[in-house]
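Inside the fold
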Number of protein chains: 2
Amino acid sequence: MIDELAPLLDAAAIVTDRDMIAPWERDWRRRFHGHAPALLAPRSTDQVVAIVRAAARHRVPLVAQGGNSSMVGGATPPVDGSALLLSLRRMNAIRTLDAEAGRVVAEAGVILQTMNDAALVAGWRFPLTLGARGTATIGGLVSTNAGGTQVLRFGTMRGLVLGVEAVMADGSVHDGLPALAKDNRGYNLDQLLIGAEGTLGIVTAATLKLVPAIAARGVAWAGVADPTAALALLRRFQRAGDTVESFEILPADTLAAALAHVPDSRAPIAGHHPWHLLIEATAASAGQEAPAALLERVLAAAIADGLVADATIAASEAQATAFWTLRDSLSDAERARGPAVQHDIAVPVSAMPRFMVDAAAACDARFPGTHASGFGHLGDGNIHFHVRAPAGVDRDRWYAEDAPDITRFVHDLVTDAGGTISAEHGIGQMKAAELARLAPPGRLAALTAIKAALDPLGILNPGKLLAPNSSAA
Amino acid sequence: MIDELAPLLDAAAIVTDRDMIAPWERDWRRRFHGHAPALLAPRSTDQVVAIVRAAARHRVPLVAQGGNSSMVGGATPPVDGSALLLSLRRMNAIRTLDAEAGRVVAEAGVILQTMNDAALVAGWRFPLTLGARGTATIGGLVSTNAGGTQVLRFGTMRGLVLGVEAVMADGSVHDGLPALAKDNRGYNLDQLLIGAEGTLGIVTAATLKLVPAIAARGVAWAGVADPTAALALLRRFQRAGDTVESFEILPADTLAAALAHVPDSRAPIAGHHPWHLLIEATAASAGQEAPAALLERVLAAAIADGLVADATIAASEAQATAFWTLRDSLSDAERARGPAVQHDIAVPVSAMPRFMVDAAAACDARFPGTHASGFGHLGDGNIHFHVRAPAGVDRDRWYAEDAPDITRFVHDLVTDAGGTISAEHGIGQMKAAELARLAPPGRLAALTAIKAALDPLGILNPGKLLAPNSSAA
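Residues numbered from 1 in each chain as written. Chains lettered and ligands numbered in written order. Predicted model: local features only at pLDDT ≥ 70, side-chain atom pairs only at ≥ 80, totals over all residues. Heavy atoms only, no water.

Looking at an unreviewed UniProt entry, one finds chain A named FAD-binding oxidoreductase and attributed to Sphingomonas mollis. Taken directly from UniProt, the Sequence similarities (unreviewed entry) text for chain A runs: "Belongs to the FAD-binding oxidoreductase/transferase type 4 family." (UniProt positions renumbered as here; feature names shortened; annotations may be inferred.)

Spelled out as structure tokens, the structure:
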């Protein structure tokens, strides 16, 4: 297959040097290790077509890979060396950026930070960002329907992707890049490819929506009695205007961990509050109310009504940054306290206040000595549900024996609450067995049938999303 | 099959009286006539499950139907009487309306106007409306990914549907009603069912997004030299804030027809302008700039820059309504001028100004004596492309012989421009052959494979969307 492809690709497109392949055979957290005899790095959609056609002829599976920042082993090849890595990183052109319309056509290998910067330079904003922005690529973000901290206002990638170009398993090119605002010509393949984790087609480019650049932002910190009060406050903001883009919640205990973890940090508001909120609003134009004024107006009324105990609005960019530094340190701060398992879960937003309290209590009761807590995107119904090991536990034994039980317990709670075991990160290989265990049989059958229909030879990212035996469902 | 279902359904759920079935065997424009030996009208999702299971056992196809207001024969049964009608009209409950969160769970049979009214009563707004709002149902709107006049700001149904409940061909129930803001558990079946025209599952309910009610609106009329100037003006509005929700364009000739057609109407602005624009902006809260102020600010600058020749802002609700009455009469006014074929087409927004001019000229040149013109949703890249027959032509002969040639010619132009032959109305049976003719083979193969995967027995709305022989592609 490699010999066949050699004349069709440039020299740099075929990598067989073990040292050069090795970093891409494991995920960045080093939890999954695979093996690939070669890594293919095409420079164009036509080259991807040639590769997919050859793969189909030779029945050699392809594992599409962008920045390799999957949290679920979604881009790591199988261990048996049966598949080739297909890196999209060299397809990194921004093909067009329409500064009039506010839309951009970016190839799969464009790095998120590059996309963010390019939008800003053009006077626009690509309103999606996340921790891995320096490595994550557009293709990976599309294929995992990535989220981030601005989902509340702008949605996940699904809300920002206007169209997708992809090479399907039969070698045909799906061209959704014209990205029509209205188009009712049958099933929406663009939407099907978003979040498909490279199992239905190889995403080679996407048309993305830009939004007006931020003219001003306001950042507030508030203390409330419980998540129910927090949600009531969020609803007030949403009725007051569609400008709140982050609404993050954390318990007092987690804030304490962050304050201990971040040097020279101080609590944004005085006194003890069981729950804390970080709220950011932005304005794009002079015609809109200043974000700080909106925050002040709504928070003042909420304090007067007893919904909020105390609140402060960042008086400077430095203070706003300090608030966000606390928020961004939560995962590290929690990890620094000892062994723990995290869960990327969501439930319906309206069910989240109760879930946060009840699920933590149920988890603590079921696993004595552990401590469960949730923090994160209340406005999205999406929290990082964190369960800390009992003090003094043997780390390796706990991870190997207790953690899986805890995870299944948490997943059961989430499923019973109508929620999801994967809010942001996808299924990959890490959660395929849990998906097979918890998804309704009809849904599993539908996913399996769609996979078989669009990739009948099983050459696209095998072993991801659908567990090998899930077709038996 | 009927005997088997009788004990499972209530008496009113099985209709075999010819007179009662007849109105539902033809579409409302009386272009398509079919035959169904019975009409089934379940009252619950469980009853739909029973019906679908029986249909699968007996290999009897089902044609789902809501308000029967399809523009493409999408809900008309086959002529051979091989299928049963499945009316969702009795499933017309609004199951829940969360006035805090601004979301509603509505059954398939809820009429759009009822939904609009219920939202308003709760202090919210369901921002989708169209001519058939008194008969069109939520299930049909979901299944055809309906549009309307506010797509520019809020998108089509796809942007308003947060989740779908549907009975799949195997009798399993897809429950997307929890409508999680973030959920990455594999292929998005909700998105796949939206716009699937009842061919992949029977939509029984949907969770819909509401938006804040309108606090104020502003309506303007402007005259411009050409569609290019119109688009430049739209871009200025979009940069100024996300509050313009209608941006409609019409040529002077079409305005003249409307003025002749609507009693006691007068031109909104004086003088001759080749192209006219109707623009509406709204504000939901006191914190936003008044819509009329925004319109005035942007239009005054555009006039100063020579982009707009003249403009006026409606000084009263009565005047605003008068502007809209002109717009809403365009289809009738054009039809009153004689035989014509209309086309529901879209191209990329940025390509629309040129397309409107070039396509009309090409059509006039190719079919001497006809007159082509486009009007409609410039902001969506979606116009009604109207081709009027030559004066004095024999009506029946022209519709039978010339109109199909014109339609194929227009569809070729649209396809060459990267556009769609169905912007709003879907494919149904009317456009299935054209879809098969114009869609890329890879796309047709993918659609056909998905259909076969999810409805292997072919019991869901056969003969719609995919022409019977398109599987040969």
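Quick look at the overall build of chain A now. For chain A, the helix and strand inventory stands at 17 helices and 18 strands. The globule rule puts the C-alpha radius of gyration for 473 residues at 23 Å, and the 23 Å found for chain A is close to it. Seen through its C-alpha atoms, chain A measures out along the principal axes to roughly 70 × 55 × 45 Å. Here chain A holds 473 residues, and 59% of them are scored as buried. Contacts in chain A between residues at least 24 apart in sequence constitute 72% of all its contacts with a sequence separation of at least 6. Element-wise, carbon and sulfur atoms account for 54% of the exposed surface of chain A, whose accessible area totals about 17,300 Å². In chain A, 40 side chains carry a positive charge and 48 a negative one; their mean positions are 2 Å apart. (Helix = DSSP H or I, 4+ residues; strand = E, 2+ residues; numbered from the N terminus. Rg over C-alpha atoms; globule rule 2.2 N^0.38 Å. Buried < 20%, exposed > 50% of the residue type's maximum accessible area, 1.4 Å probe, protein only. Contact = heavy atoms within 4.5 Å. Areas by Shrake-Rupley, 256 points an atom, 1.4 Å probe, with all protein chains shown as cover. Lys, Arg positive; Asp, Glu negative; His and termini not counted. Charge placed at Lys NZ, Arg CZ, Asp CG, Glu CD.)

Right, let's talk about the nonpolar core for a bit. Of all hydrophobic cores here, the largest spans 93 residues; its most connected members are A:Met115, A:Phe126, A:Leu208, B:Phe126 and B:Leu208. Beyond its immediate sequence surroundings of up to four residues, B:Phe126 is in contact with B:Leu112, B:Met115, B:Asn116, B:Ala119, B:Met157, B:Leu160, B:Leu208, B:Lys209 and B:Leu210. (Core = buried A, V, L, I, M, F, W, Y, C linked by side-chain atoms within 4.5 Å.)

Moving on: the side chain of A:Lys431. Residues and elements named next belong to chain A. Structurally, the position occupied by Lys431 is in the loop between α15 (395-416) and α16 (432-438). For the buried Lys431, which has no salt bridge, the nearest side chain bearing the opposite charge is Asp344, at an N-O separation of 4.1 Å. Polar side-chain contacts of Lys431 include one of 2.6 Å to the backbone oxygen of Ile421. Sequence-distant contacts of Lys431, that is, excluding residues within four places in its chain, are made with Asp344, Ile421, Ser422 and Gly426. (Salt bridge = Lys/Arg side-chain N within 4 Å of Asp/Glu carboxyl O. Polar contact = N/O pair within 3.5 Å; in protein donor to acceptor, adjacent residues only side chain to side chain.)

Our next topic: the interface of chain B and chain A. Many analyses report the size of an interface as the accessible area lost when the parts associate. Taken together, the contact pairs 71 residues of chain B with 71 residues of chain A. Between chain B and chain A lies a buried interface of about 5,600 Å² when both sides are counted; carbon and sulfur atoms form 57% of it. Considering only the surface of chain B that becomes buried against chain A, B:Lys182, B:Asn184 and B:Tyr187 emerge as the three largest contributors, covering 19% of it. Counting across the interface, chain B meets chain A through 4 salt bridges. (Buried area = accessible area lost by both parts, 1.4 Å probe.)

Residues and elements named next belong to chain A. Segmenting chain A into domains produces domain 1 (2-87), domain 2 (94-212), domain 3 (216-331) and domain 4 (338-416). Of note, the centres of domain 2 and domain 3, computed from C-alpha atoms alone, are 30 Å apart. Taken together, the 7 residues of domain 2 in the interface contact 11 residues of domain 3. Between domain 2 and domain 3, roughly 750 Å² of surface is buried when both sides are summed, and carbon and sulfur atoms account for 48% of that area. When the buried area of domain 2 at its contact with domain 3 is split by residue, Thr149, Leu152 and Arg153 rank highest and sum to 80% of it. (Domains from an automatic or database assignment.)

Quick look at the relation of the copies chain B and chain A now. What connects the two chain copies is a rotation about an axis and a shift along it. The transform that puts chain B on chain A rotates by 180 degrees and translates by 0.0 Å along the axis, for an RMSD of 0.0 Å. Put plainly, the chains are arranged around a two-fold axis. Of the C-alpha atoms belonging to chain B, the one lying closest to the rotation axis is found on B:Gln288, 2.6 Å away. The share of interface residues of chain B whose copies in chain A are also at the interface is 100%, consistent with both copies meeting through the same surface. (Least-squares fit on C-alpha atoms with pLDDT ≥ 70 in both.)

Glancing now at unusual backbone geometry. All names here are of chain A. Despite not being glycine, Asn68 shows a phi value in the positive range, around 60 degrees. Mapping Asn68 onto the fold places it in the loop between β3 (62-65) and β4 (84-87). Although it is not a glycine, Leu465 adopts a positive phi angle of roughly 70 degrees. Mapped onto the elements, Leu465 comes out in the segment after α17 (441-454).

For any two aromatic rings, the description comes down to two numbers: the centre-to-centre distance and the angle of the planes. Residue and element names in this part refer to chain B. All told, the structure shown has 8 aromatic pairs over all chains when counted by the stated rule. On the numbers, 5.5 Å between centres and 85 degrees between planes, the contact of Phe367 with Phe409 is edge-to-face. Pair noted here: Phe367 is in the loop between α14 (352-366) and β17 (371-377) and Phe409 is in helix α15 (residues 395-416), with a separation of 42 residues, a long-range link. An identical accessibility class is assigned to Phe367 and Phe409; each is buried. An angle of 70 degrees between the planes, with centres 5.5 Å apart, marks the rings of Trp398 and Tyr399 as edge-to-face. On the accessibility criterion, Trp398 (0% relative accessible area) is buried. (Phe/Tyr/Trp six-rings, centres within 6.5 Å; stacked < 30°, edge-to-face > 60°.)

Now for the confidence of the model for chain A. Per-residue confidence for chain A averages 94 on the pLDDT scale, and 98% of its residues sit at or above 70. Scored below 50 in pLDDT, residues 469-473 of chain A makes 4 contacts in the model with residues more than four places away or belonging to other chains. (pLDDT = per-residue confidence, 0-100.)

Axes are the key here: two packed helices are described by the angle between their axes and the distance separating the axes. Residues and elements named next belong to chain B. Their axes nearest at 8 Å, the elements helix α9 (residues 227-240) and α14 cross at an angle of 160 degrees. By the angle between their axes, α9 is roughly antiparallel relative to α14. Considering how the two elements wind past one another, α9 and α14 form a crossing that is right-handed. Contacts from Pro227, Thr228 and Leu231 of α9 reach α14 at Pro353, Met356 and Val357. Class assignment of the residues belonging to the contact of α9 with α14 gives a composition of 5 nonpolar, 1 polar and no charged. (Axes fitted to C-alpha atoms, helices over the stretch in contact; angles between N-to-C directions. Parallel < 35°, antiparallel > 145°, perpendicular 65-115°, else oblique. Left-handed = near helix turned anticlockwise from the far one by under 90°. Nonpolar A, V, L, I, M, F, W, Y, C, P; charged D, E, K, R; others polar.)

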